Amino acid sequence: MRIVWLLILVLAGVMTGALITRFESDAPVIDTRTQVAYVGKEHAHQFRVSDEGMGIERVRIWLVSGDVEIELHDETYDGNLWSGAALQLPRRIEVTIEPKEMGLGPGEATLYAEAYDFSWSGNSTLVEVPLVIDAKAPRISLLTGLTYVRRGGAEAVVYEIDEPVDSHGVLVGEFLFAGFPHPTRPERFTALYALPPDTAATDSPRIVAEDRAGNRTVVPVSISIIEKGFPEDVIVLSDGFMELKIAEILGGERTDLLAAYLEINRDMRAENAATIRQICERSSGERLWSESFLQMPNSRVGARFGERRSYQYKGRTVDTQVHMGYDLASTSHAAVPAANDGVVVFADDLGIYGQAVIIDHGLSLFSLYGHLSEIGVEHGKPVSRGDTIGRTGTTGLAGGDHLHFAMLVGGVFVDPLEWFDGKWIKEHVEAKLTIEEPPGS
Ligand SMILES: [Zn+2]
């Protein structure tokens, strides 16, 4: 008799446990991007549905726009009320919204997802995702007409975009040059861009704009490219020069002089270019300068921009590089003036450039000063045109005392000659920045 009671008790315990499990009140969890989703021509939205208790029984996803309701997904999973879901896995579901195919106009809509579990309590979870349907691509109007651009040179362009966008600018090959908003007209932008010396024909500039819904517009900029040859030069490497620069730049003693020199001339040059691009990623949205750029006074031009250099060692060509600035020689340790008004964004050691200074002139225009023996300015400080920012020297990969002067647009080297030329600036930059109305309006 005692045994029977004991059995009943155990059975009741097991039953209660089983019932508690089956009446669990853990509601399903639906994970998704909870912020507003912007829907362009096509939008894929992901949900991850999980349940800690008996598992997911059914997931339904639908969309409501005005009085239209569109079923997007309805799936019932294997399982039963006694043992729950056959697979205790989070379910990943993706629904695709194509407004045009679904007959949805622009405006707001709501995406709903509801999940039910196998619990005897019948738990369910409902989430809403607000949608903004916008299948219209941004419209770009160009305010500047056909221009002549020198290969290796720079140019300015002004454009308007008819709606707020996520990203925009001038695309030339792999480079995207930022557009800066007009001070009083938020729909209008100015961008400076470069046409690098090695630009391919297919890389001609285009203005791109992409809105939050992923609608993208690309408009070609009509330019006529002025081709000009670039000078060539041969640099003969001597053991003495290599030894000196290796000790100075890399430090330590090297047995293979050529390998160590190429480490500097190739790898460090590329690394420095990447660092410079990074420094030039942020620029003042305001133009900080007004006059032409100043060339160091009483200086003789050594190497020019775009010079193709082949490096020879023991009668053999061991490397080729392109010289991306102007070499200006004066007296030894000559005062180096800031080429224009701006803000110092770099004042430190910079590999092959030695002790260097970079000045931001706004609208992504920068000047760089290399091989300095002395730096006289600090990072973050404003400078005026003509202020002494340091003294010439031989630091970095320099033979004799000189200034390596470079100009950059959006981190891409351009020919400084244009920026020394007040007439060029007037025609190619000033005239565009002061455009009043779009052509024909
Ligand atoms: Zn140089």
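A quick note: this is a predicted structure, and the numbers were derived from the prediction, not measured.

Reading the values: rules and limits
Here, residues in each chain are numbered from 1, in the same order as that chain's written sequence. Local features in a predicted model are, by the rule used here, given only for residues with pLDDT of at least 70; side-chain atom pairs are given and counted only at 80 or more, and totals for whole chains, interfaces and linings are based on all residues. Working from all heavy atoms in the structure, the side-chain values ignore hydrogens and water. For helices the rule is a DSSP run of H or I covering at least 4 residues; for strands it is a run of E covering at least 2, with both sets numbered from the N terminus onward. Here, residues are in contact when the closest pair of their heavy atoms is within 4.5 Å. Atoms of type N, O and S within 2.8 Å of a metal are treated as its donors, and for Na, K and Ca the window is 3.2 Å; water is not considered, so some sites may appear to be missing partners. Remark: exposure states derive from per-residue accessible area (1.4 Å probe, protein chains only) relative to the maximum for the residue type, with buried under 20%, exposed over 50%, and partly exposed in between. Here the aromatic set is Phe, Tyr and Trp, taking the six-membered ring for Trp, and pairing holds for ring centres within 6.5 Å; pairs whose planes are under 30 degrees apart are stacked, those over 60 apart are edge-to-face, and all others are tilted. Only when the NZ atom of a Lys or the CZ atom of an Arg is both within 6 Å of the ring centre and within 35 degrees of the ring normal do we say a charge sits over the ring. A pair of strands is labelled paired if DSSP reports no fewer than 2 bridges between them. For the domain bounds, the source is a domain assignment made automatically or taken from a database. Using a 1.4 Å probe, buried area is obtained as the accessible area two parts lose upon being combined, added over both of them. Fitting a line to C-alpha atoms yields each axis, with helices limited to the stretch in contact; the angle taken between N-to-C directions then spans 0 to 180 degrees. Pairs of N or O atoms are called polar contacts if they sit within 3.5 Å, as long as, within protein, a hydrogen donor faces a hydrogen acceptor (for residues adjacent in sequence, only side-chain-to-side-chain pairs). The residues that make up patches have over 30% relative accessible area and no salt bridge, and they are joined within 9 Å when like-charged or within 5 Å when they are Val, Leu, Ile, Met, Phe, Trp or Tyr. Calculation of accessible area relied on Shrake-Rupley with a 1.4 Å probe; when residues are assessed, cover is drawn exclusively from the protein chains displayed. A pair is scored as a salt bridge if a Lys or Arg side-chain nitrogen falls within 4 Å of a carboxyl oxygen belonging to Asp or Glu.

Where do I start with the environment of G396 in this structure?
Note on placement: G396 falls in the loop between β31 (388-391) and β32 (403-409). With near-sequence residues (within four places) excluded, G396 lies in contact with K245, E248, I249, G351, I352, Y353, G354 and H371.

For this particular structure, what's the right way to read the environment of G285?
Structurally, G285 is set in the loop between α4 (257-279) and β21 (300-301). A sequence separation of 107 residues divides G285 from A178, and the C-alpha atoms of the two residues are 9.8 Å apart. In this structure, G285 is in contact with F180 and L363, ignoring residues within four places of it in sequence.

I keep staring at the coordination of the zinc ion and nothing clicks. Help me out?
Surrounding the zinc ion are the protein donor atoms H323 (NE2), D327 (OD) and H404 (ND1), at 2.0 to 2.2 Å. If you list the donors of the zinc ion from N- to C-terminus, the spacing comes out as H-x3-D-x76-H. You can call D327 buried: its relative accessible area is 10%.

Would you mind going over the packing of aromatic side chains with me for this structure?
The geometry of two aromatic rings is summed up by the distance between their centres and the angle between their planes. Tallied over the entire structure, the rule returns 12 aromatic pairs. With a centroid separation of 6.1 Å and 85° between ring planes, the pair formed by Y326 and F420 is classed as edge-to-face. Taken together, the residues span a long stretch of sequence, with Y326 in strand β24 (residues 326-329) and F420 in helix α5 (residues 416-420) at a distance of 94 residues. Chaining the aromatic ring pairs together yields one cluster made of W289, F293, W419 and W424. Lying across the ring of W62, R60 places its NZ or CZ 3.9 Å from the centre. Stacked on the ring of W289, the Lys or Arg R287 has its end atom at 5.0 Å from the ring centre.

What's the story with the pairing of β32 in this structure? I'm lost.
Here is the key point about a regular strand: its side chains alternate between the two faces of the sheet. Counting buried residues in β32 gives seven out of seven residues, a clear majority hidden from the surface. Inspection of the sheet shows β24 paired to β32 by three bridges, in the antiparallel sense. Paired with L328 across the two strands is L403, which belongs to β32. Two elements, strand β28 (residues 365-372) and β32, share six bridges in a ladder whose sense is antiparallel. Along β32, the bridge assignment pairs Y369 with F405. Bridge count for β32 against strand β33 (residues 412-414) is three bridges, and the pairing is antiparallel. Counted as the bridge partner of M407 is V414 from β33.

Please clarify how the domain arrangement of the protein should be interpreted in this entry.
Many structure descriptions define interface size as the accessible area lost when the parts assemble. Here the protein is partitioned into domain 1 (27-133), domain 2 (140-228) and domain 3 (232-415). Taking the mean C-alpha position of each, domain 2 and domain 3 sit 28 Å from one another. Counting residues at the interface gives 12 residues for domain 2 and 15 residues for domain 3. The contact between domain 2 and domain 3 buries some 1100 Å² in all, and 75% of this surface belongs to carbon and sulfur atoms.

What's the story with the sheet that holds strand β22 (residues 307-313) in this structure? I'm lost.
Each strand in a sheet pairs with its neighbour through backbone hydrogen bonds, running either in the same direction (parallel) or in the opposite one (antiparallel). The sheet built from three strands is open, its strands ordered β20-β22-β23 with mixed pairing. Looking along the sheet, the strands with just one partner apiece sit at the ends: β20 (232-236) and β23 (316-323). For this sheet the average axis-to-axis angle between neighbouring strands, irrespective of direction, equals 25°. One ladder, built from seven bridges, connects β22 with β23; its direction is antiparallel. Bridge pairing links R308 to V322 in β23.

When you look at the side chain of Q321 in this model, what are you seeing that I'm missing?
Along the chain, the position of Q321 falls in strand β23. Side-chain polar atoms of Q321 contact the side chain of D319, separated by 3.4 Å. Residues contacting Q321, with those up to four places away along its chain left out, are N265, R266, R269, E307, R308, R309 and Y311.

Could you clarify how one ought to interpret a nonpolar patch on the surface in this entry?
A cluster of nonpolar side chains, namely L19, F23, L81, W82 and W120, defines an oily patch on the protein surface of about 510 Å² accessible area. Mapped onto the fold, W120 is located in the loop between β9 (107-117) and β10 (124-133). Assessed through its relative accessible area of 32%, W120 is described here as partly exposed.

Help me out: how do you make sense of the pattern of salt bridges in this one?
Pairs may arise between side chains of opposite charge once their charged atoms sit close together. A full pass over the atoms with the stated rule returns 22 salt bridges. The salt bridge partner of R48 is D31, with a shortest N-O separation of 3.6 Å. Of this pair, R48 sits in strand β3 (residues 43-50) while D31 sits in strand β1 (residues 29-31), and the two are 17 residues apart along the sequence.

Explain the pairing of strand β4 (residues 56-65) to me, please; I cannot follow it from the model alone.
Extensive coverage of β4 is indicated by the burial of seven of its 10 residues. The sheet contact formed by β4 and β9 spans eight bridges and is antiparallel. Paired with L63 across the bridge in β9 is L111. Relative to strand β5 (residues 68-76), β4 runs antiparallel, the two being bridged by eight bridges. Along β5, the bridge assignment pairs R60 with D74. Taken together, β4 and the strand that follows it, β5, pair antiparallel across an intervening segment of two residues, in which G66 is found at a positive phi of about 65°.

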